[in-house]
Amino acid sequence: MSRISSAFEHKKAFIGFLTAGDPTPSLTIEYILEMERAGADLIEIGIPFSDPTAEGVVIQDANIRALSKGMTPDGVFDIVASVRQVSNIPLVFLTYINPVFHYGYEKFFARCEELGVDGIIIPDMPYEERSELLPIATTHGVEVISLIAPTSRQRIQMIAKESSGFLYVVSSMGVTGVRSEINTDLAAMIDLIKAVTDIPCAIGFGINTTIQAKQMAKLADGVIVGSAIVKIIEKYGNHAHQALFEYVSSMKQAIREQ
Amino acid sequence: MEKGRYGVFGGQYIAETLMNEIIRLEDAYECYKNDKEFQKELEDLLNQYAGRPSLLYYAKNMTKDLGGARIYLKREDLNHTGSHKINNVLGQVLMAKKMGKTRVIAETGAGQHGVATATAAALLGLECEIFMGKEDTIRQALNVYRMELLGAKVHPVTSGTMTLKDAVNETMREWTNRVSDTHYVLGSVMGPHPFPMIVRDFQSIISLEAREQILEYEGKLPSAVLACVGGGSNAMGMFYHFIEDENVKLIGCEAAGKGVDTALHAATIAKGEVGIFHGMKSYFCQDENGQIAPVYSISAGLDYPGIGPEHANLYDSERATYVPVTDDEAVDAFEYLAKTEGIICAIESAHAVSYARKIAGKMRKDENIIICLSGRGDKDVAAIARYKGVKIDE
């Protein structure tokens, strides 16, 4: 079983996101391990990009902070190497296509394989364009995670049939960021997915409260939280350990209770 | 060639949330492109409202002064709203209305595309919101007020470098937020397919007219056509119907800012590398880690780190050449054209005028060249005065 599948085995997964290098590389390592200790089942590591068009203000700002401190793709690989010395938690990159293209697909995914990165999410690479990197990623055992949006409609099953790892179900229109309400008919979307694949579905975009987490976990196999975590890191800077532990613990608890 | 590709360039690198919409847009465009009623309506708007066809003006004084090729100016500056941007905007906004959209959004750099979009939205009765880098709202304050007069809401963009690239980011974010009733009127031959094709088609009227006009006036094709290039819409429009004419040189003039050997330029072809950004594979100014580089030009309309994918392919296939022109050279040409021909052109267009000054004198007198005068320079007068250290009360 792949590490990603194990994150969803016999449980609903809590997936936490943070931006690598915010506030520092060594704290990114500590915060990943802190989230794991609090019960996170999978960690999404954001490789910062200058122009993250799918992100709301919170994660945009984290990207800028990380880049201004000199974070690079190689710097992110170093973070992964350190985490892997002590942890077997599933790790997935989230980044934009240009840094990966510029690094070179072959070199990038070979490095992922070597260090134990299990998957990648690229929001500006839709189904139609993934063929240029999919065979390379697959050769290196890196699962390319597909996204499904509220507007995907007839595309849902086309995407779901060929997905791997897990499916990232985008809860709402727009960009990432905390929302007070999620109005998309996610149950209907997930029914369509489940009709063609048994791959796990995780819902992301906008989720920040335990009530939302509980609701989403009823519908899906996992819950993805990004902006709320990045906000905690922004607020507490070098001293976010405890706040992160408490927040992730409470979210994980809410998911367990659904 | 693969659909939506120009050689290896182009493609549709955008969020899944927008995929159905751009597929729908492509279908709608294919339908209206061949729809006689739509084409007639657009032609009427272009002729009766925007003032087409635009003049092909023989620049006698400039020709005499430079002493070589006969120089013609394709006067897109005389269009309604003062630039070539109206050609594309009327097409897109009319199409959006027919698609049932009630709202249009657009990015703008210099403000010309924003003004054109606000104009078309006012005329055709659609809501309009414009995203403009905060830096540019200061450089082009008059255009902000112009858009507001036309009933548009202008959002100053404070992320990133606060210029055109960031305005595009923010407009894309807004489109993912609200796509069902909203069309994104992309202003250049860039972004995901089908935009580079749609914008090129609507702008290709420039070369369609210019080719007929030059054949009528000179009885032969030009030796070269020149246009400034940011994203590249006026250049693509100026080049398009000359691409098959192999003896016509196609020359794009990029913004070299303070010089291509400084950090302050926007010369994508001279200094950029292949990358994937804003929905397309093309050339981009970027750093060694694939981060999009901050760019600079005196001209807000050329201050963009990428170039349209069809240009990238024209460059790679050596059909077109792209040359850098600095701020100083562009300002010189701006003043030169004003004094020589009595035409105050946009600082963007002045980049093309500048390069024409370099080559025209070395050409034979029986040759002719066409410069696309993409816009008028009223919007730039205050900025040029500041650049020259002249104090004026606006």
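A closer look at the overall build of chain A
- Helix and strand counts for chain A stand at 12 helices and eight strands.
- Relative to a compact globule of 258 residues, whose C-alpha radius of gyration would be 18 Å, chain A shows 17 Å and is just as compact.
- Over its C-alpha atoms, taken along the principal directions, chain A stretches across nearly 45 × 40 × 35 Å.
- Counting every position in chain A, which comprises 258 residues, the buried fraction comes to 61%.
- Across chain A, every contact between residues at least 6 apart in sequence was considered, and the portion connecting residues at least 24 apart equals 72%.
- Entry remark: accessible area of chain A is about 9500 Å², with carbon and sulfur atoms responsible for 52%.

Digging into unusual backbone geometry
- Cis rather than trans, the peptide bond between Asp22 of chain A and Pro23 of chain A has omega equal to 5°.
- With respect to the element layout, Pro23 of chain A can be found in the loop between β1 (13-19) and α2 (25-37).
- Along the chain, His193 of chain B connects to Pro194 of chain B via a cis peptide bond; the corresponding omega equals 15°.
- The backbone phi angle of Arg153 of chain A is positive, close to 35°, even though this residue is not glycine.
- Mapped onto the secondary structure, Arg153 of chain A falls in the loop between β5 (143-148) and α8 (155-161).
- Residue Arg153 of chain A is classed as exposed on the basis of its relative accessible area of 53%.
- Within the chain, His278 of chain B stands out as a residue other than glycine whose phi angle is a positive 50°.
- Mapping His278 of chain B onto the fold places it in the loop between β11 (273-277) and β12 (279-284).

Quick notes on the side chain of Glu174 of chain B
Residues and elements named next belong to chain B.
- Turning to its location among the elements, Glu174 is positioned in helix α8 (residues 164-177).
- Classification of Glu174 as buried rests on a relative accessible area of 17%.
- Here Glu174 is in contact with Arg103, Ile105 and Phe131, once residues within four sequence places are set aside.

Thoughts on the sheet that holds strand β8 (residues 182-184) of chain B
All names here are of chain B.
- The parallel open sheet is built from four strands, whose spatial order is β7-β6-β5-β8. Either end of the sheet is taken by a strand with one partner, and the two such strands are β7 (153-157) and β8. Here the average twist between neighbouring strands, direction ignored, is 20°.

As for the packing of aromatic side chains
Residue and element names in this part refer to chain A.
- According to the stated counting rule, one finds 22 aromatic pairs over all chains in the structure shown.
- Taken together, a centroid distance of 6.1 Å and an interplanar angle of 90° make the contact between Tyr168 and Phe205 edge-to-face. Linking Tyr168 in strand β6 (residues 167-170) with Phe205 in the loop between β7 (201-204) and α10 (210-219), this pair joins segments that are 37 residues apart in sequence. For the residue pair Tyr168 and Phe205, the accessibility class agrees, reading buried in each case.

Quick notes on the packing of α2 of chain A against helix α4 (residues 73-86) of chain A
Residue and element names in this part refer to chain A.
- Packing of α2 against α4 leaves a shortest axis separation of 10 Å and a crossing angle of 40°. Classified by chirality, the crossing of α4 by α2 is right-handed. For the pair α2 and α4, contact is made by Pro25, Thr28, Ile29, Ile32 and Leu33 and by Ile79, Ser82, Val83 and Val86, respectively.
- A breakdown of the residues in the contact of α2 with α4 according to their chemical character gives seven nonpolar, two polar and no charged.

Section: the pairing of strand β5 (residues 103-108) of chain B
All names here are of chain B.
- Most of β5 is tucked away, with six of its six residues classed as buried.
- Bridge count for β5 against strand β6 (residues 127-133) is six bridges, and the pairing is parallel. The residue bridging Ile105 from the neighbouring strand is Glu129, located in β6.
- Crossover handedness for the path β5 to helix α5 (residues 112-124) to β6: right-handed.

Rules behind the numbers
- Residues numbered from 1 in each chain as written.
- Chains lettered and ligands numbered in written order.
- Predicted model: local features only at pLDDT ≥ 70, side-chain atom pairs only at ≥ 80, totals over all residues.
- Heavy atoms only, no water.
- Helix = DSSP H or I, 4+ residues; strand = E, 2+ residues; numbered from the N terminus.
- Rg over C-alpha atoms; globule rule 2.2 N^0.38 Å.
- Buried < 20%, exposed > 50% of the residue type's maximum accessible area, 1.4 Å probe, protein only.
- Contact = heavy atoms within 4.5 Å.
- Areas by Shrake-Rupley, 256 points an atom, 1.4 Å probe, with all protein chains shown as cover.
- Pairing = 2+ DSSP bridges.
- Axes fitted to C-alpha atoms, helices over the stretch in contact; angles between N-to-C directions.
- Phe/Tyr/Trp six-rings, centres within 6.5 Å; stacked < 30°, edge-to-face > 60°.
- Left-handed = near helix turned anticlockwise from the far one by under 90°.
- Nonpolar A, V, L, I, M, F, W, Y, C, P; charged D, E, K, R; others polar.
- Right-handed = clockwise from strand over helix to strand, strands pointing away.

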